[in-house]
Amino acid sequence: MNNKANPRHSYSFELFPPKTPEGRAKLADTVQRLNAVAPAYFSVTYGAGGSTREGTFETVTLLHDRNIDVAPHLSCIGSSRAEIREILDHYRTGNIRRIVALRGDLPSGMGAAGTGELAYGNELVACIREETGTAFHIEVAAYPEVHPQASGARQDLENFKRKVAAGADAAITQYFYNADAYFAFVDACRGLGVEIPIVPGIMPITNYDKLARFSAACGAEIPRWIGRRLEDFGDDMDSIREFGHQVVLNLCRRLLEGGAPGIHFYTMNQAAPTLRLWRDLDLPGA
Ligand code: FAD
């Protein structure tokens, strides 16, 4: 398979704002290495309830100053419309042209009183369109394995459709390790008349404990056979990385062969695991 030069495919990298001086120094190096393969864009996460607002701005600026196309994530839960408007103005005047629009999760300990004026992703998308027209290309989140708080799979799909109806241009999925979940989700969307690109979000496997914790929280399933194999490796990190690479490489191959319109890599601010996948997938610039 050769995935080179399909101009309609989107390959992107996600970063989070570092919290320490060491993290910041490492990020500059990670960005340089990842940018060498010329991804479509980088996205930068936004901490729960706006907790990394300044850090997100800083990381966005670091990328933008290097002429890199960047998509800040923006979550609405816990924020007022005025705060959202202020952030949109900040990005628009800074010539940022993409946004990943999310409901977000409240930081633990913050009660219902902190939910803000916009309760769901579709309301944020509508707000961005009302405030800024077509100034931003808007990506939203999608959940092939169903959002953990959804009342049901059908309802979750209808709610995803609302975000598209409100003006989303494309979607990035929560990560998953079961390609069939992605294909079934895309088919169900098309059946509802949802035609936007749905780009699979891919999480490289480098550390089983962290992955298991994170997956339990966000509702991503680690198939039993993968979990059991990873457990067996214990603290043999080389074996975890090698096995994890082969699992994720096969997943990406199946997704691309099955028609996925690109890949969004959750890099976790590490260049090497993503670049290895990029190279073995024969993506452009590797
Ligand atoms: P929504 O689309 O609002 O959905 C949330 C839940 O509410 C779902 O169960 C849905 O079925 C239901 N729902 C949606 N609309 C309605 C409605 N109108 N009425 C009733 N129910 C409804 N979190 C962060 O804090 N920062 C980030 O930077 C971040 N980046 C992410 C990037 C990606 C690609 C993904 C997949 C997730 C990211 N998250 C991030 C996590 C995300 O914020 C959480 O998964 C959050 O719980 C849901 O956000 P959402 O935008 O998908 O919410």
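Residues numbered from 1 in each chain as written. Predicted model: local features only at pLDDT ≥ 70, side-chain atom pairs only at ≥ 80, totals over all residues. Heavy atoms only, no water.

(A) Representation of the sheet that holds strand S1 (residues 10-15) within the structure. Overall, parallel pairing links the 9 strands, which are arranged S7-S6-S5-S4-S3-S2-S1-S9-S8 in an open sheet. Sheet topology places strand S7 (198-199) and strand S8 (201-202) at the edges, where each strand pairs with a single neighbour. The pairing of strand S4 (residues 98-102) with strand S5 (residues 137-142) spans 4 bridges and is classified as parallel. Along S5, the bridge assignment pairs Arg 98 with His 137. Its contacts with the sheet place helix H4 (residues 121-132) against strand S3 (70-75), S4 and S5, and it is angled at close to 145° to S4. (Pairing = 2+ DSSP bridges. Helix = DSSP H or I, 4+ residues; strand = E, 2+ residues; numbered from the N terminus. Contact = heavy atoms within 4.5 Å. Axes fitted to C-alpha atoms, helices over the stretch in contact; angles between N-to-C directions.)

(B) Structural detail: the pattern of salt bridges. Counted by the stated rule, this structure contains 14 salt bridges. Two residues, Glu 54 and Arg 53, come together in a salt bridge whose shortest N-O distance is 3.4 Å. Ionic pairing is found between Asp 69 and Arg 98, a salt bridge with its closest N-O pair at 3.8 Å. Taken as a pair, Asp 69 in the loop between helix H2 (53-64) and S3 and Arg 98 in strand S4 lie far apart in primary sequence, 29 residues in all. Among the charged side chains, a salt-bridge network with shared partners connects Arg 53, Glu 54 and Glu 86. (Salt bridge = Lys/Arg side-chain N within 4 Å of Asp/Glu carboxyl O.)

(C) Expanded view of the packing of helix H1 (residues 21-35) against helix H10 (residues 271-280). Interhelical geometry of H1 versus H10 gives an angle of 5° and a closest axis separation of 10 Å. One finds that H1 runs roughly parallel with respect to H10. Residue-level contacts link Thr 30, Arg 33 and Leu 34 of H1 to Ala 271, Ala 272, Thr 274 and Leu 275 of H10. Among the residues forming the contact of H1 with H10, the class breakdown is 4 nonpolar, 2 polar and 1 charged. (Parallel < 35°, antiparallel > 145°, perpendicular 65-115°, else oblique. Nonpolar A, V, L, I, M, F, W, Y, C, P; charged D, E, K, R; others polar.)

(D) How the structure looks around the site of the ligand. Taken together, 24 residues lie around the ligand, and Tyr 46, Asp 105, Tyr 143, Asp 156 and Lys 163 are the ones closest in. A distance of 2.9 Å is found between an oxygen atom of the ligand and a side-chain nitrogen or oxygen belonging to His 73. Protein burial of the ligand: of its 970 Å² of free accessible surface, 87% is covered by the chains. Those elements that provide at least two residues to the shell around the ligand are H4, helix H5 (153-165) and strand S6 (170-173). (Near = heavy atom within 4 Å. Polar contact = N/O pair within 3.5 Å; in protein donor to acceptor, adjacent residues only side chain to side chain. Areas by Shrake-Rupley, 256 points an atom, 1.4 Å probe, with all protein chains shown as cover.)

(E) Summary view of the pairing of S1. Most of S1 sits out of view: 6 of its 6 residues are buried. When S1 meets strand S9 (residues 262-266), the two strands line up parallel, connected through 5 bridges. Among the inter-strand pairings, Ser 12 is bridged to a residue of S9, identified as His 264. One crossover worth recording links S1 to the parallel strand S2 (residues 41-44) by way of H1, and it is right-handed. (Buried < 20%, exposed > 50% of the residue type's maximum accessible area, 1.4 Å probe, protein only. Right-handed = clockwise from strand over helix to strand, strands pointing away.)

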